[in-house]
Amino acid sequence: HGSYTASRVKGQLTVERKVLQDVTDKSIMGHRQHYLNFHPAQIFVEVENAGLTYDLSVGYNDRSGPRAGVMYPYRPYNIEKRKPHLIWEIPFVVMDTTLATTYRLPATKILEHVQSVLNRQQGCVALIWHQEQAGGLLDPGFDDAYAQLMDWAIQKGARLTPPGAILAE
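Residues numbered from 1 in each chain as written. Predicted model: local features only at pLDDT ≥ 70, side-chain atom pairs only at ≥ 80, totals over all residues. Heavy atoms only, no water.

Colleague: Honestly, the overall build of the protein chain in this entry has me stumped. Any pointers?
Modeller: When its secondary structure is counted, the protein chain shows six helices and seven strands. For the protein chain, the C-alpha radius of gyration of 16 Å lies close to 15 Å, the compact-globule estimate for 169 residues. Dimensions along the principal axes, computed over C-alpha positions, put the protein chain at roughly 45 × 35 × 30 Å. Buried residues in the protein chain amount to 38% of all 169 residues. Nonlocal contacts in the protein chain, meaning residues at least 24 apart in sequence, comprise 65% of its contacts between residues at least 6 apart. Split by element, the accessible area of the protein chain, about 9,900 Å² in all, is 53% carbon and sulfur. Charged side chains in the protein chain number 17 positive and 17 negative. The centres of these two groups are separated by 8 Å. (Helix = DSSP H or I, 4+ residues; strand = E, 2+ residues; numbered from the N terminus. Rg over C-alpha atoms; globule rule 2.2 N^0.38 Å. Buried < 20%, exposed > 50% of the residue type's maximum accessible area, 1.4 Å probe, protein only. Contact = heavy atoms within 4.5 Å. Areas by Shrake-Rupley, 256 points an atom, 1.4 Å probe, with all protein chains shown as cover. Lys, Arg positive; Asp, Glu negative; His and termini not counted. Charge placed at Lys NZ, Arg CZ, Asp CG, Glu CD.)

Colleague: Would you mind showing me how to read a nonpolar patch on the surface here?
Modeller: On the surface, Val 15, Val 19 and Val 23 cluster together into a nonpolar patch covering about 280 Å² of accessible area. Positionally, Val 23 belongs in helix α1 (residues 12–24). (Patch = residues over 30% accessible without salt bridge, like charges linked within 9 Å, V, L, I, M, F, W, Y side chains within 5 Å. Salt bridge = Lys/Arg side-chain N within 4 Å of Asp/Glu carboxyl O.)

Colleague: Got a minute to help me understand the packing of aromatic side chains in this structure?
Modeller: For any pair of aromatic rings, the description consists of the separation of the ring centres together with the inter-plane angle of the planes. Taken as a whole and judged by the stated rule, the model has three aromatic pairs. The interplanar angle of 75 degrees and the centroid separation of 6.0 Å between the aromatic rings of Tyr 4 and Tyr 35 together place this pair among those described as edge-to-face. One end of the pair, Tyr 4, is in the segment before α1; the other, Tyr 35, is in the loop between β1 (30–31) and α2 (43–49), and 31 residues separate them in sequence. Considering the side-chain rings of Trp 129 and Tyr 146, the 5.3 Å spacing of their centres and the 40 degrees angle between planes classify their relative orientation as tilted. Of this pair, Trp 129 sits in the loop between β7 (126–128) and α5 (131–134) while Tyr 146 is found in helix α6 (residues 142–155), placing the two residues 17 residues apart along the sequence. Exposure remark for Trp 129: the relative accessible area of 13% places this residue in the buried category. (Phe/Tyr/Trp six-rings, centres within 6.5 Å; stacked < 30°, edge-to-face > 60°.)

Colleague: Explanation requested: the nonpolar core in the structure shown.
Modeller: In summary, soluble globular proteins display a tendency toward joint burial of nonpolar side chains. Among the nonpolar cores identified, the biggest contains 21 residues, and Leu 13, Val 47, Leu 52, Ile 90 and Phe 92 are the most heavily contacted of them. Counting only elements with at least two residues in this core, the list comes to α2, β6 (92–95) and β7. Looking at this core, the element that brings in the most residues is α2, giving three residues. For Leu 52, the contacting residues outside a window of four places in its chain are Leu 13, Arg 17, Ile 28, Met 29, Gly 30, His 31, Val 47 and Ile 87. Within the second largest apolar cluster, 17 residues are counted, among which are Val 94, Ala 100, Trp 129 and Ala 153. (Core = buried A, V, L, I, M, F, W, Y, C linked by side-chain atoms within 4.5 Å.)

Colleague: When you look at the side chain of Glu 46 in this model, what are you seeing that I'm missing?
Modeller: With respect to the helices, strands and loops of the structure, Glu 46 is situated in helix α2. Lys 10 provides the closest opposite charge to the buried, salt-bridge-free Glu 46, at an N-O distance of 6.3 Å. Within the structure, Glu 46 has its side chain in polar contact with the backbone nitrogen of Gly 11 (distance 2.9 Å). Look past the residues within four positions of Glu 46 in its chain and what remains in contact with it is Ser 7, Val 9, Lys 10, Gly 11, Gln 12 and Leu 13. (Polar contact = N/O pair within 3.5 Å; in protein donor to acceptor, adjacent residues only side chain to side chain.)

Here you go:
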């Protein structure tokens with residue numbers, strides 16, 4: 001994701017993308033704003049101007065569920081240009097840190113919580129799981145809960161994929 005102020009400082013996301021591409025020698029396609037620190041009227045312009053194709057910032061950091069009310073990728077509307085942006089917004093509906101800090105869920109309750117969110121409707125969403133949680137560094141059992149969640153999703157027939165892989169569809 002971009003730095004804390006990347007989407008609020010004009011051109012900063014463009015600079016950060018170039019640096020990351022130069023260091024990794026890979027094409028960077030997407031973005032999620034760090035700490036969800038963004039202004040709704042500015043983020044999509046900055047993501048688009050940076051040459052990115054998708055964003056994963058429209059979600060909650062204090063609850064689960066779709067912030068935009070949809071569980072499918074969409075093109076945010078550009079009010080100034082009176083047409084949709086070229087980028088895709090892929091909504092995220094669950095974030096691990098929300099489960100740990102806001103809900104204070106023990107690892108044994110995570111699967112049940114996420115199932116209740118995802119079973120409300122079908123769609124195409126992102127789940128945010130930080131490497132510290134996936135590796136078991138922060139909250140005990142969150143790494144196992146993530147593995148259980150992925151197993152459950154596969155059993156339900158979900159397609160697990162990086163965000164950029166769905167854009168052609």
